[in-house]
Amino acid sequence: MKKILWFVSIFALISCILAGCKSAPKVVEDNEVHPLALLDQDASIYVCVPVSNHKNLVSSLLMKQIEGLSESNAMSLAERTGNMYVSLGTVKDRSRLQIAALASIPKIAVSSAFKKKNGWQAVNVTFAGKSFVYYKHVVSVFQVSFPSSKILCAGQNVEPLIQRYAQKAEIPFNPVTEWINAENKSNDILFYITRP
């Protein structure tokens, strides 16, 4: 539960960055990699939160995690995020958490928020001949990356997600992705437990 609360805090920080930006994309554009394709395929639990349909829930979580955040600001932040996909745990690592979401994130906002003076370190990586940056915090084991201006990734190790993005991964066809892909199925929060 602490890991999910940590993610909500990171999500809140990123949402604060987005407060002045245009609304987030609600669906994946044709030339963009789907965030669901970025998650590992061996997780125990998958969750999809179509944030635009659950703004009250997301804004309540944001207000709970960010002291002093007003209800109107929290709602504004939730409106700038599209579908969020989460994978939790594996047989070998029950604590693993991966997040990939649709969002509208200008590079200038990212570079101004994830500064060294705020405890963030930028790490450069190259996959498929393309350079990417991810950020790790001095206190947390979690990392954050923005492989494009429309995609957000977070987890203990974001390099596999970035690599799949660089390789233009496609959503694998299996029962998990068939159920959890909110664009095809539902406006509800969806769960899929692979090892009940």
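Residues numbered from 1 in each chain as written. Predicted model: local features only at pLDDT ≥ 70, side-chain atom pairs only at ≥ 80, totals over all residues. Heavy atoms only, no water.

Engineer: Just checking my understanding: could you explain the overall build of the chain for this structure?
Structural biologist: Scanning the chain for helices and strands turns up six helices and eight strands. Put simply, the chain runs from its N terminus to its C terminus through helices and strands in the order α-β-α-α-β-β-α-β-β-β-β-α-α-β. Within the chain, buried positions represent 51% of all 196 residues. Long-range pairs, those at least 24 residues apart, make up 67% of the contacts in the chain with a sequence separation of at least 6. Approximately 10,000 Å² of the chain is accessible, and the part contributed by carbon and sulfur atoms is 53%. (Helix = DSSP H or I, 4+ residues; strand = E, 2+ residues; numbered from the N terminus. Buried < 20%, exposed > 50% of the residue type's maximum accessible area, 1.4 Å probe, protein only. Contact = heavy atoms within 4.5 Å. Areas by Shrake-Rupley, 256 points an atom, 1.4 Å probe, with all protein chains shown as cover.)

Engineer: What am I meant to see in the side chain of Thr177 here?
Structural biologist: Topologically, Thr177 is positioned in helix α6 (residues 175–180). In this structure, Thr177 is in contact with Leu36, Gln41, Ile171 and Pro172, ignoring residues within four places of it in sequence.

Engineer: When you look at the nonpolar core in this model, what are you seeing that I'm missing?
Structural biologist: Nonpolar side chains tend to gather and get buried jointly when the protein is soluble and globular. Grouped together as the largest cluster of nonpolar side chains are 27 residues, with contacts concentrated most on Leu38, Leu39, Val125, Phe132 and Ile162. Elements represented by at least two residues in this core include exactly β1 (45–50), β3 (97–103), β4 (120–127), β5 (130–137), β7 (151–155), α5 (159–166) and α6. Ranked by residues supplied to this core, first place goes to α5 with four residues. Those residues in contact with Leu39, other than ones at most four positions away along the chain, are Tyr46, Tyr85, Val86, Ser87, Gln98, Ile99, Ala100, Leu161 and Arg164. Val47, Val49, Val86 and Leu152 belong to the second-largest nonpolar core, a separate cluster that totals 17 residues. (Core = buried A, V, L, I, M, F, W, Y, C linked by side-chain atoms within 4.5 Å.)

Engineer: I'm lost on the sheet that holds β1 in this one. Help?
Structural biologist: In a beta sheet, neighbouring strands are held together by backbone hydrogen bonds and run either parallel or antiparallel to one another. With respect to topology, eight strands assemble into an open sheet ordered β4-β5-β6-β7-β3-β2-β1-β8, the strand pairing being antiparallel. Here the strands that pair on one side only, and so sit at the sheet edges, are β4 and β8 (190–193). Taking each pair of neighbouring strands and ignoring which way they run, the sheet shows an average axis angle of 15°. (Pairing = 2+ DSSP bridges. Axes fitted to C-alpha atoms, helices over the stretch in contact; angles between N-to-C directions.)

Engineer: Got a minute to help me understand the pairing of strand β2 (residues 81–88) in this structure?
Structural biologist: Two faces make up the sheet, and in a regular strand the side chains alternate between them. With seven of eight residues buried, β2 is to be regarded as a mostly interior element. The pairing of β1 with β2 spans six bridges and is antiparallel. Counted as the bridge partner of Cys48 is Tyr85 from β2. Sheet analysis places β2 next to β3, joined by six bridges and oriented antiparallel. Bridging from a neighbouring strand, Tyr85 pairs with Ala100 of β3.

Engineer: What should I look at first to understand unusual backbone geometry in this one?
Structural biologist: Outside of glycine, negative phi angles account for most residues, and trans bonds account for most peptide bonds. You will see that Ala128, though not glycine, has its phi angle at about 50°, which is positive. Mapping Ala128 onto the fold places it in the loop between β4 and β5. Here Lys168, not a glycine, exhibits a phi torsion of approximately 55°, which is positive. Within the secondary structure, Lys168 sits in the loop between α5 and α6. Classification of Lys168 as partly exposed rests on a relative accessible area of 41%.

Engineer: Looking at this model, I keep getting lost on the packing of aromatic side chains. Mind explaining?
Structural biologist: In this description, a pair of aromatic rings is defined by centroid distance and the angle of the planes. In this structure the tally under the stated criterion is one aromatic pair. Between the aromatic rings of Phe132 and Tyr165, the centroid separation amounts to 6.1 Å while the plane-to-plane angle is 85°, which identifies the pairing as edge-to-face. Taken together, the positions of Phe132 in strand β5 and Tyr165 in helix α5 put the pair 33 residues apart, joining distant regions of the chain. Per residue, the accessibility class of Phe132 equals that of Tyr165, and both read buried. (Phe/Tyr/Trp six-rings, centres within 6.5 Å; stacked < 30°, edge-to-face > 60°.)

Engineer: Looking at this model, I keep getting lost on the pairing of β4. Mind explaining?
Structural biologist: By the bridge criterion, eight bridges tie β4 to β5 in an arrangement that is antiparallel. Residue pairing for β5: Asn124 is matched across the bridge by Val133. Count of turn residues in the β4/β5 antiparallel hairpin: two residues, of which Ala128 carries a positive phi of about 50°.

Engineer: Please clarify how the confidence of the model for the chain should be interpreted in this entry.
Structural biologist: Caution applies to low-pLDDT parts of the model: their predicted coordinates are not meant to be read in detail. Overall, the prediction assigns the chain a mean pLDDT of 77, with 71% of residues at 70 or greater. Looking across the chain, the model is least confident in helix α1 (residues 2–18), with a mean pLDDT of 52, and most confident in α5, with 96. (pLDDT = per-residue confidence, 0-100.)

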